[in-house]
Amino acid sequence: MTKAIGIDLGTTNSVVGIKKLETDIIRNAEGDDLTPSVVGFQKKKGLFGSSQFIVGRPALDWMRQDPENTIVSVKRLMGRHFKDEDVQKALKEKHYPYTILALSSGSLHSVAVLLDGKEYTPEQISSKILEKIKKDCKKELGEAVEYAVVTVPAYFNDKQKHATRIAAAQAGLKVQRLLPEPTAAAISFGVDTLAEGEANTILVFDLGGGTFDISILTIVDGRFIEQGKGGDMWMGGDDIDVIIRDYVYRQTELENEIDDLSGLIEQLPTAEKNRFTADLKNKVETAKVRLSAQDSAFVEILGLLKDEDGDIVDIEVELSRTCFEALLEPFVDKCVELTRKIVESIDFEPDLIDKVIMVGGSSGIPIIVRRIEEIFGRDKILVHPRPMLAIAEGAAILAHRLADYYECPGCGQNVSKSDKSCENCDFDLMKNLANTGVVDIVHTTSHDYYLELEDGSGDLLVEKNTPLPFKTQGTFKLMSNEQRLAHFKFYNRVNDDQESIGDLWLAFDDPKEGLKPDQDSDKKRSTVQLDFEIDINNIIHVSAGLTEQDEVRASRTLSRGLADEKLFLNLEHAINEVNEAKNGFYVNIDFLHRAVGIARTINGVIDPDTGEESDAAILEAERQQQVARELVEKEGAVMGEIYYAEAFIHGYGHLLEKNNQERLQAKIQHLKDKNDRGSATSILAASDALNDEINKHGALLAVTDLDNAASLASVENPAKAPRYEKYHRDVHEALLKGETERFQRLMSEIMPEVNGFLNKQSKKELHISKGIQK
Ligand code: ADP
Ligand code: MG
């Protein structure tokens, strides 16, 4: 295994660490510990310039020029629906100058951002950040990194975790583990190093740039058990910056006797306004950071802003620590209140908390630390000397622990994960691991998981707070024996709302076979078996098969919002529409077999290993859906026609002249080719051509009808079957012997009845069932 790193993929900043003997933060190409989680797009300039993505500090600088093409805080959008409260809030309150929209090619609700007019998913943007991290690590370490522990907020749901995993895969990183940020923080402080049987309850206070996360964990024997989580997803250092900025505005207005400073800024030409706003944000943030260590700081922007008369308005505001703390009071009060609330919510007293770990950049602010100390007592508070680095350090420690090889703490030689002691220096690795390592992290499900049944009710598969990994099995009944499709619809229940998490479609058999009435009792299908599995990373694997025919099986990893979901939804709608339309039997049979093919195609849209979408499969599924829809509209029953023509050739072809035989074969083949690849129009044209050809053989066709009626009757109306079979035998004999008169007599006796029977058959309704029941 190559080097394994720990990555804190933060909303504002990303940090990467590596543990050898000590845990180190790896500097990026700019020489910084922090890589701003910002991605910009620089358009081609001049003849030889090229368009490129820029990430980190350069992108943050780029924001001054082109805020609309600079993506910040993409973590907020990861794994979210377009309609999510958070996304809508970001849109409505115009949090970001870039464009957020619903992904046009994804499932109905996926989110995308625009860079230079092109849509990117949050995963793609995140992967750009991870790509830079990976590249910079290689430069700094002199060796490629391949494996990483990536941290995610404790509140991240399955979709958000999945999106993070996809982002890492796209950046070419193999994720050893997605680690909750509070757990990473605990690991970095070593508060998990306890004697056997001893338990520690810790509160992790993580106040970052845009989010405030509080978690309470109990650690016992290397297991991390989540007790509660809370905070505010829209609270952090950015808000403090706004508080300072507003103060700076007010002071400047007072000093310069201006009524509306923000109005003046609005009036600046766009380029200048962008520069001014970015400069101000920068200076305000610098002043804030200074105030954590010093008694006062300055915000100064000279010569950029003019008033109505064209006179320069300089910004020159001094801010003392005392003044800053007074301004911050409401903000700090809210932090304190949220912290108390989470402790209460799990029926705890502050006394029961053993340690409070303060991480995230904004935990560097002394007034915040003091107020938290007041709740829990000073001796319990642990503040990281550089609180922004703690989480990456914890991730690095776990990455190291999970690596196949790691360095012996005794002598630094490589030892294998399975070694009990070091070959080189005899160091007791097992004992060391138990004392210092993370033995196990207990992840639990954050929601209930259900399977939707035909009657609309939900079958509970997994309960909230179930430890992961988790596996369950269930047996479900099909709605009918003739069913060719089973649709498994999975959903979460989140605050009483049903949130779809994906579908599995099981298609049963070869489309051709299904045109014949099912006579083979061995192939009875009545129940399906479902395996449902959530792995340690919250990835859901589902697999279903026919109980009676285990080789008929479909398996997949739920993709959560990729293109296949939209395709599945279209298929579901199309089937429902066809069922309501009351088409003829053969039209529906035709559609059913197309639906089976479509389900199979969609099952191949997502690569099970990389999670990538196959454009070819998406296009093919779309073609098939389009064809199926148009054929239903035009009452095409092409599958039936092919089957009929082939039965005709098989039974009576030898009675035709050779060139007629060949022409018929060619027309069948042509129709099959079109059916496999063509549009609905070309399929219908080929079908007309085949019809014209086959209709030339009227008498023999009638015999084929008789033959078909006989086998249909054996299933549908067994009393009639022997009579049709007898006639068929006699007719066939007359035909072979060339007894024209007898042939015609027999046919005129039986065909009116046969035609009536077949006609009735073609008008029968066929409901396409896809549901399952308990
Ligand atoms: P995130 O987890 O959201 O990526 P970080 O933990 O990196 O965020 O914290 C970034 C925030 O911390 C920014 O708002 C930054 O201004 C603030 N910050 C960093 N250092 C200090 C400091 N010494 N004092 C006050 N705020 C700080
Ligand atoms: Mg963070």
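Residues numbered from 1 in each chain as written. Chains lettered and ligands numbered in written order. Predicted model: local features only at pLDDT ≥ 70, side-chain atom pairs only at ≥ 80, totals over all residues. Heavy atoms only, no water.

1. Let's talk about the site of ligand 1
Condition: Here a residue counts as near a molecule or strand whenever at least one of its heavy atoms sits within 4 Å of it. Here a polar contact means two N or O atoms within 3.5 Å. Within protein one must be a hydrogen donor candidate and the other an acceptor candidate, and residues neighboring in sequence count only if both atoms are side-chain atoms. Residue exposure ignores everything except the shown protein chains as possible cover, and the areas themselves are Shrake-Rupley values with a 1.4 Å probe. We count a stretch as a helix when DSSP gives it H or I for four or more residues in a row; a strand needs E for two or more, and each element gets its number in order from the N terminus. Here the term charged refers only to Asp, Glu, Lys and Arg, the term nonpolar to Ala, Val, Leu, Ile, Met, Phe, Trp, Tyr, Cys and Pro, and the term polar to all other amino acids, Gly among them.
Close to ligand 1 lie 17 residues; Thr12, Asn13, Glu285, Lys288 and Ser292 are nearest. A distance of 2.8 Å is found between an oxygen atom of ligand 1 and a backbone nitrogen or oxygen belonging to Asn13. Burial of ligand 1 by the protein chains amounts to 90% of its free accessible area of 580 Å². It is helix 8 (residues 270-291) that provides the largest number of residues to the shell around ligand 1, a total of three residues. Considering only residue class, the shell around ligand 1 consists of three nonpolar, twelve polar and two charged.

2. Looking at the pattern of salt bridges
Stated formally: Any carboxyl oxygen of Asp or Glu within 4 Å of a side-chain nitrogen of Lys or Arg constitutes a salt bridge here.
The full count for this structure, using the stated rule, is 39 salt bridges. The partner of Arg553 in a salt bridge is Asp531, and the shortest N-O contact between them spans 3.9 Å. A residue pair is termed long-range when its members are at least 10 positions apart, and Arg553 in strand 32 (residues 553-557) and Asp531 in strand 30 (residues 527-534) qualify at 22 residues. Put simply, Lys672 and Glu646 hold a salt bridge, and the shortest N to O gap is 2.6 Å. Of the two residues, Lys672 sits in helix 17 (residues 658-677) while Glu646 sits in helix 16 (residues 638-652), which places them 26 residues apart along the sequence.

3. As for the packing of aromatic side chains
Convention followed: Side-chain rings of Phe, Tyr and Trp (the six-membered ring for Trp) are treated as a pair once their centres are within 6.5 Å; stacked means planes under 30 degrees apart, edge-to-face means over 60, and tilted covers the remaining angles. Charges are assigned to positions over rings by a cutoff of 6 Å between ring centre and Lys NZ or Arg CZ, combined with an angular limit of 35 degrees from the ring normal.
Here the structure, examined in full by the defined rule, presents twelve aromatic pairs. Cation over ring: Lys128 sits above Phe53, and NZ or CZ is 4.3 Å from the ring centre.

4. Thoughts on the pairing of strand 1 (residues 3-9)
Put simply, the rule reads: Exposed residues in this analysis have more than 50% of their type's maximum accessible area, buried residues have under 20%, and partly exposed residues fall in between, with area computed by a 1.4 Å probe over protein chains only. Two strands are counted as paired when DSSP detects at least two bridges linking them.
Where burial is concerned, most of strand 1 is hidden: six out of the seven residues are buried. Note that strand 1 and strand 11 (residues 145-152) share six bridges and pair parallel. Its bridge partner lying in strand 11, Lys3 is registered against Val145. In this structure, the hairpin formed by strand 1 and strand 2 (residues 13-19) is closed by a connection of three residues.

5. Remarks on a negative patch on the surface
For the record, the criterion: Within this analysis, patches are made of residues with over 30% relative accessible area and no salt bridge. Like charges are joined at 9 Å or less; nonpolar side chains (Val, Leu, Ile, Met, Phe, Trp, Tyr) at 5 Å or less. Neither His nor the chain ends is counted toward charge; the positive residues are Lys and Arg and the negative residues Asp and Glu. For the purpose of locating charges, the reference atoms are NZ of Lys, CZ of Arg, CG of Asp and CD of Glu.
A surface patch of like charges, here negative, comprises Asp259, Asp260, Glu308, Asp309 and Asp311. Residue position: Asp311 is located in the loop between strand 16 (296-306) and strand 17 (312-320).

6. Structural notes on the sheet that holds strand 7 (residues 70-72)
Sheets are built from strands paired through backbone hydrogen bonds, the pairs being either parallel or antiparallel. Heads up, the rule is: All axes are obtained by fitting lines to C-alpha atoms, using only the stretch in contact for helices, and the reported angles, taken between N-to-C directions, cover 0 to 180 degrees.
Strand order in the open sheet formed by three strands is 6-5-7, with antiparallel pairing between adjacent strands. With one partner strand each, in any of the chains shown, strand 6 (52-55) and strand 7 form the two edges of the open sheet. Neighbour-to-neighbour, the strand axes of the sheet open up by a mean angle of 20°, direction not taken into account. Bridge count between strand 5 (residues 38-42) and strand 6: four bridges; the pairing is antiparallel. The partner of Gln42 across the bridge, within strand 6, is Gln52.

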